[in-house]
Amino acid sequence: MRSRLAGLFLAVVCAQALLAVPATAAPAVRLPRPTGVLPVATSALHVVDQSRVDSWAPTPRPRELMVQLWYPTWSTRGTRANYAPIEVTRSLEAALGAPEDSLRAITSNALKDAPALSNRLPLVLFSHGYAGSRATTTALAEDLASHGYLVAAVDHTYEAAAVRFPDGRVIYHSVPPEQSPEDVTAAIRVRAADLTSVLTELLRRRLADPHRIAAIGHSAGGATAFEAARTDPRIRAAANLDGGLPSPVTPVPVPSLLLTGEWQFDSWTEWASVQRTWSRHLATSTMGHYSFTDAPHYIAPANLRDLPAEIFTELFGTVSPTRATELQRVYVRAFLDRWLRGIPTGLLDRESHKYPEVKIRWR
C-alpha cells in the first residue's frame, strides 16, 4: 500500500541523506494566504471517546484524540497560531533528517482561539497520512475556513508523529507499518472510527451543520476518509489525496474524489470498477506524494533540495510549493462546494486550460 511504503521511504531515505546537515538559521516560510474573504481562526480540541477501548494503547483505556479546528471568524486582531507544537515539528524533523527546529520557520495565517463566526458551518473531517500530523495540511484547512468551512483535523494517537495533550503528556508515533492486508484494513478501521468519534463530539457541541459533512485525507488518511464514508452515514462526500486503498476494494456510497499524482495503482483501478455513485479520479502530472500536504513548504528551511533528484521528484514532484498548494485548494474546494453547498462547477467534469497539469483519468 503506497501510504505505508512512502512513509517509510521518507523516514529512512531522507534521514540517511540529510542527517549530517548542520543546524543553521532557517529562512522564515509563511504558508500561502487563504483565498477566501473571511478571516481564519484555529483552536485545539481534546476528545475522549469513553465508548471505545484504544486498541493501540499499551494498556486498556478509552480512545483519546487531539483535534485541530479551523474556522471563519470576524476577528482580525489577535495572536497568530503556531504551526504545530514543538514536539510535532521535532518529530517531523527527525523523520526528515532535517536540522532541529528548522520547521519552526513555518508560520501559519490563522488567529489562535478567536471566536467562531457561526456554529452551523459545513464540516470537513481530515485524516493525516501514516506518521503524519493534524498540522501537515494547514494551508488547505486555512483556505477552506476562509471560504466558510469548519475543518477538523484529527491526530490518530500512536500513529501520528507526536500528540501533545492538555495535561502535558506527549504520545509519539509507535505503531509499526502493517505487514499484511489484514493489518492495513484493521488500521484503517481504527482511523475511520476516530473520525466518527470526532464527528459525534462536534455535533454534540453543535459546532457544525449535521447535514453537510465530508471526510478527506492524505495517503493512509485518504483510505480512512473513504472508509469513514462507508461506515458513517452522516458523511455525505469523501476525498482521497494520493492514498492507496486496502484490499479488497469496496465501493464508497457517497460522491467521491480521488486526486493523485500521475502514477496508477491496482487499488485505484479496482475502485473505479466498483463505484456506482458520482466519482472522479484526477491525476496531476507535476505532483509528488507529499505535494498534497504542506511538505513542499518545508523544502527551503529543512534543506530538502539536497536529496537525490529522483527521490526529490518522487516525494515533492516538479511543482513549486505555491502551485502545489493552489492545486490542492482549488480542486478540493470545488468538490466540497459541489456536494456540501450545491454550487455547480465544470472543473471536475472537464480539463481546464488554467490547470493543464491536471487530467481527468476516470469518471
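Quick notes on the rules
- Here the residue index of a chain counts from 1 through its sequence in written order.
- Selection of residues for local features in this predicted model requires a pLDDT of at least 70, selection of side-chain atom pairs for listing and counting requires 80 or more, and totals for whole chains, interfaces and linings are taken over all residues.
- Note that water and hydrogens are dropped before the side-chain values are worked out from all heavy atoms of the structure.
- Note on aromatic contacts: the rings of Phe and Tyr and the six-membered ring of Trp form a pair at centre separations within 6.5 Å, being stacked when their planes are under 30 degrees apart, edge-to-face when over 60 apart, and tilted otherwise.
- Working definition: with a 1.4 Å probe on protein chains only, accessible area under 20% of the residue-type maximum means buried, over 50% means exposed, and in between means partly exposed.
- We count a charge as sitting over a ring when the NZ of a lysine or the CZ of an arginine lies within 6 Å of the ring centre and within 35 degrees of the ring normal.
- Working definition: helices are DSSP H or I runs of at least four residues, strands are E runs of at least two. Numbering for both runs from the N terminus.
- To estimate the expected span of a helix, count its residues, drop one, and scale the result by 1.5 Å.
- Here a polar contact is taken to be a pair of N or O atoms separated by no more than 3.5 Å, where protein atoms must pair a possible hydrogen donor with a possible acceptor and residues adjacent in sequence count only if both atoms sit in side chains.
- Here, residues are in contact when the closest pair of their heavy atoms is within 4.5 Å.
- Note on definitions: angles span 0 to 180 degrees between N-to-C directions of axes, and those axes are lines fitted to C-alpha atoms, for helices only across the stretch in contact.
- Just so you know how the angles are binned, under 35 degrees is roughly parallel, over 145 roughly antiparallel, 65 to 115 roughly perpendicular, and the rest oblique.
- Take the far helix as the reference: if the near one is turned anticlockwise from it by less than a right angle, the crossing is left-handed, and if turned clockwise, right-handed.
- Residue polarity follows a fixed list, in which Ala, Val, Leu, Ile, Met, Phe, Trp, Tyr, Cys and Pro are nonpolar, Asp, Glu, Lys and Arg are charged, and the others, Gly among them, are polar.
- Take a side-chain nitrogen of Lys or Arg and a carboxyl oxygen of Asp or Glu: if they are within 4 Å of each other, that pair is a salt bridge.

Draft legend 1. Structural detail: the packing of aromatic side chains. All chains considered together, the criterion is met by 8 aromatic pairs. Seen from their ring centres, Phe265 and Trp268 are 4.9 Å apart, and the 85° between their planes marks the pair as edge-to-face. Judged by relative accessible area, which is 27%, Phe265 ranks as partly exposed. One aromatic cluster is present, formed by Phe226, Trp271 and Trp362 through successive ring pairs. The ring of Tyr149 carries the charged tip of Arg341 above its face, separated from the ring centre by 4.2 Å.

Draft legend 2. Region of interest: helix H5 (residues 220-231). Look at H5: 17 Å from first C-alpha to last across 12 residues, which is about the 16 Å you get at 1.5 Å a residue. Across the 12 residues of H5, 10 count as buried, placing the element largely inside the fold.

Draft legend 3. The arrangement of the side chain of Asp209 in detail. Inspection of the secondary structure assignment puts Asp209 in the loop between helix H4 (181-204) and strand E10 (213-218). For Asp209, a relative accessible area of 10% puts it in the buried group. Here the side chain of Asp209 touches His211 through a polar contact of 2.9 Å, landing on its backbone nitrogen. Separated by 2.8 Å, the side chains of Asp209 and Arg212 make a polar contact. Excluding its chain neighbours within four sequence positions, the residues that come into contact with Asp209 are Asn119, Arg120, Leu121 and Pro122.

Draft legend 4. Looking closely at the packing of helix H3 (residues 138-146) against helix H8 (residues 321-340). Put simply, H3 and H8 touch, their axes get as near as 10 Å, and they point 45° apart. One way to sum up the angle between H3 and H8 is to call them oblique. The element H3 and its partner H8 pack so that their crossing is right-handed. Taking contact as the criterion, the partners of Ala139, Leu140, Asp143 and Leu144 in H3 are, on H8, Thr325, Gln328, Arg329, Val332, Arg333 and Leu336. For the contact of H3 with H8, the residue count by class is 5 nonpolar, 2 polar and 3 charged.

Draft legend 5. Examining unusual backbone geometry more closely. With omega at -5°, the peptide bond leading from Ser247 into Pro248 counts as cis. Mapped onto the elements, Pro248 comes out in the loop between strand E11 (237-241) and strand E12 (256-261). The phi dihedral of Tyr158 falls on the positive side, at around 80°, and the residue is not glycine. As for its position among the elements, Tyr158 is in the loop between strand E7 (150-155) and strand E8 (162-164).

Draft legend 6. Broad picture of the pattern of salt bridges. With the rule as written, the count across this model stands at 23 salt bridges. Of the charged contacts in the structure, one is a salt bridge between Asp143 and Arg333, with a shortest N-O distance of 3.1 Å. Here Arg333 lies in helix H8 and Asp143 lies in helix H3, a separation of 190 residues in the sequence. Here Arg333 falls in the buried class, since its relative accessible area comes to 18%. Among the ionic pairs, Arg323 bridges to Glu326, the shortest N-O distance being 3.1 Å. In this pair, Arg323 and Glu326 are both assigned in helix H8, 3 residues apart and thus about one turn of the helix distant. We classify Arg323 as partly exposed; its relative accessible area is 21%.

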